[in-house]
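Architecture at a glance
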Amino acid sequence: QVQLVESGGDLVQAGGSLRLSCAASGRTFSNYAMGWFRQAPGKEREFVAARGWSDGSTYYADSVKGRFTISRDYAKNTVYLQMNSLKPEDTAVYYCAAMGSRWSPPSTREASYDYWGQGTQVTVSS
């Protein structure tokens, strides 16, 4: 069975950095797009970043562009989210997601992804 497990969430002060990891198992996702979403308390889940296979295709939400970087280690079946210059409004549970169809392009839409992790908590204090 496909499983995605996030890690790296923590409590950090505004301006700090964190690196989230998402380890996938049950399938090799080198030919599948993967992404990150987040859900703040009392709000709906929103898109953060996405990246496809090793073609360089990436997308970022305007709110994180220039501060967050998504990367993938295809050999390790792992996707990362490097978060710099964190703000209190970045506080949320961060979810890793993967698509279910090979060679589909990365997407900002939640409905485009078939597999989801349990989430990891990121809290930014000011």
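In what follows, the accompanying structure is described. Computed from a prediction, not measured in an experiment: that's the story for all the values here.

**Remarks on the pattern of salt bridges**
One pass over the structure, following the stated rule, counts 5 salt bridges. A salt bridge links D90 to R38, with the shortest nitrogen-to-oxygen separation between them at 2.9 Å. A residue pair is termed long-range when its members are at least 10 positions apart, and D90 in the loop between β8 (78-83) and β9 (92-98) and R38 in strand β4 (residues 34-39) qualify at 52 residues. Comparing D90 with R38, the two get one shared label, buried.

**Some thoughts on the environment of D90**
Accessibility expressed as a relative area gives 0% for D90, which makes it buried. Considered as a pair, D90 and Q39 are 51 residues apart in the sequence and their alpha carbons are 9.4 Å apart. Among all residues touching D90, those that are not within four sequence positions of it are R38, R67, F68, S85, V122 and V124. A polar contact of 2.9 Å, which involves the side chain of D90, links it to the side chain of R38.

**Thoughts on the pairing of strand β7 (residues 68-73)**
Side chains of β7 alternate between two faces, with F68, I70 and R72 buried and T69, S71 and D73 left unburied. Bridge count between β7 and β8: 6 bridges; the pairing is antiparallel. Within β8, the residue paired with T69 across the bridge is Q82. The hairpin turn running from β7 into β8, its antiparallel successor, is 4 residues long, and N77 in that turn takes a positive phi close to 60°.

Rules used throughout
- Residues numbered from 1 in each chain as written.
- Predicted model: local features only at pLDDT ≥ 70, side-chain atom pairs only at ≥ 80, totals over all residues.
- Heavy atoms only, no water.
- Salt bridge = Lys/Arg side-chain N within 4 Å of Asp/Glu carboxyl O.
- Helix = DSSP H or I, 4+ residues; strand = E, 2+ residues; numbered from the N terminus.
- Buried < 20%, exposed > 50% of the residue type's maximum accessible area, 1.4 Å probe, protein only.
- Contact = heavy atoms within 4.5 Å.
- Polar contact = N/O pair within 3.5 Å; in protein donor to acceptor, adjacent residues only side chain to side chain.
- Pairing = 2+ DSSP bridges.

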